[in-house]
Amino acid sequence: MIDALDGQIIHALQLSPRASFRLVSDTVDAPAQTVARRYHRLRRDGALRVVGLLNPRVHGDAQWVVRVHAKPDDIPRLAEALVRRPEVTHANILSGWTELVFVVRAPLTEGPDGLLGRLPRTTSVIDLDVDLILHTFGEAGTEPWTAYGHTLDADQVHHILQRSTPPSPTGRPAAPTTDDQPLFDALAADGRAPHSRLAQETGWSTPRVARRLAALEAAGTLTYDLDVLPQRLGFEVNAMIWLTTTPQHLDSVGQQIAAHAEIASVAATSGRNNLMAIAICRDVRHLYDYLSGEFAAVEHVGGYDVSIRAQRLKQTASLISRGRLTNAYA
């Protein structure tokens, strides 16, 4: 269990991952030193990581959901070949250890074929499904998964977003230069690293770091995300819900499910199921209560399957190692 202050800090950083401790402290009405201490404890415990990332829109990448069915003995080799690839943003082993599900960023015209062609040749793949993510649901300025509770109220959300969210750029973001790579490497390790530490990592001056960060953020080239490991917060059950609805209800059903506190993400996909949702619950009873309660109340769901995630391997830019979030590219 987490207390009210930890919950509000997590929610603030979900909304604005690089918000200053001063802004977060003003938002949650707690001393900045206390906010910083709480954040560093959560990060040290492997419960959360802020990461800076290249916006996939820079190269026009699409997102693909890949489901690989293989013999249980082959799953670890598959996972090892995939999780450190930068184009793989999420990876999970489902219960039974016969299915690996991961998300790949790749151009629409090429798909994930190049990555799949590099899988270990000795692996006995039984079946393979590749579906395109057509749309990700969720209102701007919100974070889907908030089942940990103690979230910010509407005024607090407005306060932090108003003071930390830059205007959205129009058009495709500009590509970074080769000189930017050390900066992106440093931000992948710690998206909240201060300018002085980024200057040490890049060999740049602190003013140059500040100017370049501001330019990359304003152009939409650089984005930030907060990886959270729910197990460290007491949420042990993770489920992937594959569901179908009719085309005329696709948007409304997706929006309704995305608003549920237990839901970490909802996406419209190609393939046999046209919606995919990730539910994160405290225990089996919590998952049952969610499915038979709030989820069951959503109209126009034609059918659904639930797959339990036996092991989470990777989030956006973090590996899960020994029950902690770690840098995927260290």
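Residues numbered from 1 in each chain as written. Predicted model: local features only at pLDDT ≥ 70, side-chain atom pairs only at ≥ 80, totals over all residues. Heavy atoms only, no water.

So, the pattern of salt bridges
Basically, it comes down to this: For this analysis, a salt bridge means a side-chain nitrogen from Lys or Arg found within 4 Å of a carboxyl oxygen belonging to Asp or Glu. Going along the chain from the N terminus, every DSSP run of H or I of four or more residues is numbered as a helix, and every run of E of two or more is numbered as a strand. Partly exposed residues are those whose accessible area sits between 20% and 50% of the maximum for their type, while under 20% is buried and over 50% is exposed, using a 1.4 Å probe and protein chains only.
Evaluated as defined, the whole model comprises 10 salt bridges. For Arg41, the salt bridge identified is with Asp6, shortest N-O distance 2.7 Å. Of this pair, Arg41 sits in helix 3 (residues 32–44) while Asp6 sits in helix 1 (residues 4–15), and the two are 35 residues apart along the sequence. Accessibility expressed as a relative area gives 28% for Arg41, which makes it partly exposed. The class for Asp6 is buried, based on a relative accessible area of 5%. Overlapping salt bridges, with partners in common, bring together Asp3, Asp6, Arg38 and Arg41 in one network.

Thoughts on the environment of Gly111
Heads up, the rule is: In what follows, residue pairs with any heavy atoms lying within 4.5 Å of each other are defined as contacts.
You can see Gly111 is positioned in the loop between strand 4 (99–107) and helix 5 (113–116). Classification of Gly111 as buried rests on a relative accessible area of 10%. Along the primary structure Gly111 and Leu132 are separated by 21 residues, whereas in three dimensions their C-alpha atoms are 8.7 Å apart. In contact with Gly111, not counting residues within four places along its chain, are Trp64 and Ala106.

Points about a nonpolar patch on the surface
For clarity, the threshold we go by: Grouping into patches uses exposed residues only, defined as over 30% relative accessible area, and leaves out salt-bridged ones; the cut-off is 9 Å for like charges and 5 Å for nonpolar side chains (Val, Leu, Ile, Met, Phe, Trp, Tyr). All accessible areas in this document rest on Shrake-Rupley with a 1.4 Å probe, and a residue is counted as covered only by the protein chains that are shown.
Taken together, the side chains of Val125, Leu128 and Val130 make up a nonpolar region of the molecular surface, amounting to roughly 200 Å² of accessible area. Tracing the chain through its elements places Val125 in strand 5 (residues 125–136).

Notes on helix 6 (residues 154–164)
Applicable threshold: What the arc covers is the set of directions going from the helix axis to the C-beta atoms.
Taken together, the buried positions of helix 6 are Gln156, Val157 and Ile160. Buried residues of helix 6 fall within an arc of 100° about the axis and therefore sit on the same side. Seen from the buried face of helix 6, the exposed residues on the opposite side, beyond 90 degrees, are Ala154, Asp155 and Gln162. Residues of helix 6 that are buried make contact with helix 1 and helix 2 (21–28).

Description of the nonpolar core
Note the threshold: Nine residue types can take part in a nonpolar core, namely buried Ala, Val, Leu, Ile, Met, Phe, Trp, Tyr and Cys, and a core is a set of them joined through side-chain atoms within 4.5 Å.
Formed by 39 residues in total, the largest nonpolar core has its most connected members in Ile10, Val24, Trp145 and Leu233. Counting residues per element, this core draws most heavily on helix 1, which supplies six residues. Excluding residues within four positions of it along the chain, Ile10 makes contact with Ile2, Leu42, Leu48, Tyr148, Leu226, Val228 and Leu233. Within the second largest apolar cluster, 24 residues are counted, among which are Ala70, Val88, Phe102 and Leu119.

Quick notes on the packing of aromatic side chains
Going by this rule: What counts as a ring pair is set by centres within 6.5 Å for rings of Phe, Tyr and Trp (its six-membered ring), and what kind of pair is set by the plane angle: stacked under 30 degrees, edge-to-face over 60, tilted for all other angles. Geometrically, a lysine NZ or arginine CZ counts as sitting over a ring once it is within 6 Å of the ring centre and also within 35 degrees of the ring normal.
Taken as a whole and assessed by the stated rule, the structure comprises five aromatic pairs. Taking 5.2 Å as the distance between ring centres and 85° as the angle between the ring planes, the aromatic pair formed by Trp145 and Phe235 counts as edge-to-face. In this pair, Trp145 is assigned in the loop between strand 5 and helix 6 and Phe235 in the loop between strand 6 (222–228) and strand 7 (237–244), connecting sequence segments 90 residues apart. With centroids separated by 6.0 Å and ring planes inclined at 50°, the aromatic side chains of Tyr290 and Phe295 adopt a geometry described as tilted. Three or more aromatic residues joined by ring pairs make a cluster, and in this case those are Trp145, Tyr148 and Phe235. A cation sits over an aromatic face here: Arg192 above Tyr39, 5.2 Å from the ring centre.

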